[in-house]
Each structure stands twice: as C-alpha cells, then as structure tokens.
Amino acid sequence: MFIEINNIQKQFLNKDQSPVDVLKDINTTIEKGEFISILGPSGCGKSTLLNIVAGLTKATSGDILVNNKKIEKPGKDRGMVFQQAALFPWLNVMDNVTFPLKKEVPKREAEERAKKYLQMVQLGKYVSHYPHELSGGMQQRVAIARALAMDPEILLMDEPFGALDEQTRSRLHTQLETIWTETKKTILFVTHSISESIKLSDRIIVMGTKPGTILQDIKVDIPRPREEHKKKIIELEEHIMSYLKTEIDKVVSEELAI
Ligand SMILES: Nc1ncnc2c1ncn2[C@@H]1O[C@H](COP(=O)(O)OP(=O)(O)OP(=O)(O)O)[C@@H](O)[C@H]1O
Ligand SMILES: [Mg+2]
C-alpha cells in the first residue's frame, strides 16, 4: 500500500493543561494515484490529520508510512496547500512560487515551471504582483501553483478552494482533475463540501467529531465525467448529508451548552 495510516491518535492540551482527544483510532490505507476526500464538520481534526501526513505535526501515537517509510518530517514527496494561502508577503508572485523550487532545479527551469502553473490558475499576468495586491482567492491560487510546481507525488490540499467564487472553483476542479489524470498524483483533499467531494474523489472519508474518528469510507462508484450522472450524485449527496447532519447537530448542541 502506498500510504498507510496506522492507529493515529492526537491529543492537544487545554488551557488548564488537561488533554483533549482530537483524533482517535484513525486507520486507513491509500493506493498510489487515488483521489481521497476527507469530509467532516468544523473542528473534527481534518487539518490536524493532514498536517500529520505532511510531517508538520507529530501524532501522539501511531504512525504513517509512505512507500513503507515512516513519516518523521516534511518531504519533497508531499506538497501542501494550506487552508490559508501562507505566502511570503515580501516576495512577488513569481518569487513565491519559485522560492522552494529554486533549491531543486536551475533558476530558469524554476521560472518556466512557475509560469506554466500560474497560467493554469489564471494568474499569468500577475507574476510581479505582491500578495497584498491580490484578493484572498488569488493568493490561494498562487499557493496551489506553488505546490503543483514542486511536482510532489502526494498532494495534500486543505480546503484549497474554500475561499473561491463558484466559477473559479468549478474551473479549478476541472484543472485539478486534468492534472490528476495526467500525472497520476495521489491526492488527499480536505473539504466541507459534499458536492465537491463527490465531483472529484475516488473515495470519501467521512469524519465525525469529539474525538475525530473515521465514520465512513465511501467508494464513489460514479463514472467520470460525473456531471452526466446527476441521479447517482444526488443519492450519494443525500446519504452523506444524513450522516453528517447527526455530527453537526452534536457540535452545535455542545456549543450551545457552553
Ligand atoms: N495547536 C493546537 N492546540 C490546541 N488545540 C488545537 C490545536 N490545533 C487544533 N486544535 C483543536 O483540535 C481540533 C481540530 O482542529 P482542526 O483544525 O484539525 O479541525 P478541522 O476539522 O480542520 O476544522 P475546520 O473545518 O474548521 O478547518 C479543534 O477542536 C481545535 O480547537
Ligand atoms: Mg481545517
């Protein structure tokens, strides 16, 4: 198996130093080239899980293997697109994208790759702009171009399209599908959106909260292009919705109790 997630637990400390279980008994395996969505209510630990796979956060116990090698720290095999764009404010768009790339390839190649991916996310005309001159959605697209330009085997994406308008989001869905088909990357894609997860993924991991666990692992057996199978999409949407509603109700009632 390409990625093995074995018995991951994560505890954070409350302000009074008491431990809280954020992730509990997370077990799954992912094949090379799979497109996996991780879906779940706010606060269920999706970003935490992705950060552990990225090697940015340490699990309290359990381990993650990529190609039979235990993950200890971030690596070139895994590219991350964060929930917030995380650009360097003092670098322009081109330099933001080429910054990590320049350590790997000659400057000219770095710039060519950066241009290719910036054009793909429709920012070809903004290479000299600085992050503060861009909208939030544009900054997010720079971050996506930066991750793609590194050409990692595994792409970790934390709600990458959450801040985008519907049209841009839809265009990027198509572009991401093309990239995925052409390059056979393995993608872990965190999202709040049921329809986005059905549109894009081979499998949807549905998480519940308090503590974050895997509730369901759904294989999306709808042929692509999926738009042609509206009835099947709606059926699956309703199935997942009923599942998530129970979880979201749990979060809301706990918040109201505070
Ligand atoms: N560094 C930290 N210290 C303490 N608690 C944390 C820390 N990071 C996350 N948490 C807690 O862990 C839980 C899961 O957070 P996480 O960001 O993984 O959720 P999420 O599923 O990504 O939510 P969202 O959909 O809102 O992005 C939350 O209750 C959060 O308060
Ligand atoms: Mg998150």
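Throughout what follows, the structure given in this document is the object of discussion. Computed from a prediction, not measured in an experiment: that's the story for all the values here. (Residues numbered from 1 in each chain as written. Chains lettered and ligands numbered in written order. Predicted model: local features only at pLDDT ≥ 70, side-chain atom pairs only at ≥ 80, totals over all residues. Heavy atoms only, no water.)

In this section: the overall build of the protein. What the protein contains, in helices and strands, is seven helices and 10 strands. Taken against the 2.2 N^0.38 rule, which gives 18 Å for 258 residues, the C-alpha radius of gyration of the protein at 19 Å falls within 12% of a compact globule. Looking at the protein as a whole, 48% of its 258 residues qualify as buried. Of the contacts formed within the protein by residues at least 6 apart in sequence, a portion of 67% connects residues at least 24 apart. (Helix = DSSP H or I, 4+ residues; strand = E, 2+ residues; numbered from the N terminus. Rg over C-alpha atoms; globule rule 2.2 N^0.38 Å. Buried < 20%, exposed > 50% of the residue type's maximum accessible area, 1.4 Å probe, protein only. Contact = heavy atoms within 4.5 Å.)

The six strands lie next to each other as 6-7-8-3-9-10, forming an open sheet whose pairing is mixed. Each edge of the sheet is formed by a strand with only one pairing partner; in this case those strands are strand 6 (78-81) and strand 10 (213-219). If you compare each strand with its neighbour and ignore which way they point, the axes differ by 15 degrees on average. With five bridges joining them, strand 3 (residues 35-39) and strand 8 (residues 186-191) adopt parallel strand pairing. Bridging across to strand 8, Ile36 finds its partner in Leu188. Seen against the sheet, helix 1 (residues 46-54) touches strand 3, strand 6, strand 7 (154-158), strand 8 and strand 9 (203-208) and runs at an angle of roughly 155 degrees to strand 7. Across the sheet, helix 5 (residues 166-183) is in contact with strand 3, strand 7 and strand 8; its angle to strand 8 comes to roughly 155 degrees. (Pairing = 2+ DSSP bridges. Axes fitted to C-alpha atoms, helices over the stretch in contact; angles between N-to-C directions.)

What follows concerns the site of ligand 1. Contacts to ligand 1 come from 13 residues, most closely from Ser42, Gly43, Lys46, Ser47 and Thr48. One nitrogen or oxygen atom from the side chain of Thr48 is found 2.5 Å from an oxygen atom belonging to ligand 1. His192 places a polar side-chain atom, nitrogen or oxygen, 3.2 Å from an oxygen atom of ligand 1. Protein chains shield 60% of the accessible area of ligand 1, which is 630 Å² for the free molecule. (Near = heavy atom within 4 Å. Polar contact = N/O pair within 3.5 Å; in protein donor to acceptor, adjacent residues only side chain to side chain. Areas by Shrake-Rupley, 256 points an atom, 1.4 Å probe, with all protein chains shown as cover.)

Taken together, Ser47 (OG) and Gln83 (OE1) make up the full set of protein donors to the magnesium ion (ligand 2), lying 2.0 to 2.5 Å away. Separated by 36 residues along the polypeptide, Ser47 in helix 1 and Gln83 in the loop between strand 6 and helix 2 (93-98) bring together distant segments of the chain. The class of Gln83 is partly exposed, set by a relative accessible area of 37%. (Donors = N, O, S within 2.8 Å, 3.2 Å for Na, K, Ca; no water.)

The next subject is the packing of aromatic side chains. By the definition in use, this model includes five aromatic pairs. Between the aromatic rings of Phe35 and Phe189, the centroid separation amounts to 5.8 Å while the plane-to-plane angle is 50 degrees, which identifies the pairing as tilted. Of this pair, Phe35 sits in strand 3 while Phe189 is found in strand 8, placing the two residues 154 residues apart along the sequence. Comparing Phe35 with Phe189, the two get one shared label, buried. Each residue in the set Phe35, Phe161, Trp180 and Phe189 is aromatic and connected to the rest through ring pairs, giving one cluster. The ring of Trp180 has Lys184 lying over it, and the distance from NZ or CZ to the ring centre is 4.5 Å. (Phe/Tyr/Trp six-rings, centres within 6.5 Å; stacked < 30°, edge-to-face > 60°. Lys NZ or Arg CZ within 6 Å of the ring centre and 35° of its normal.)

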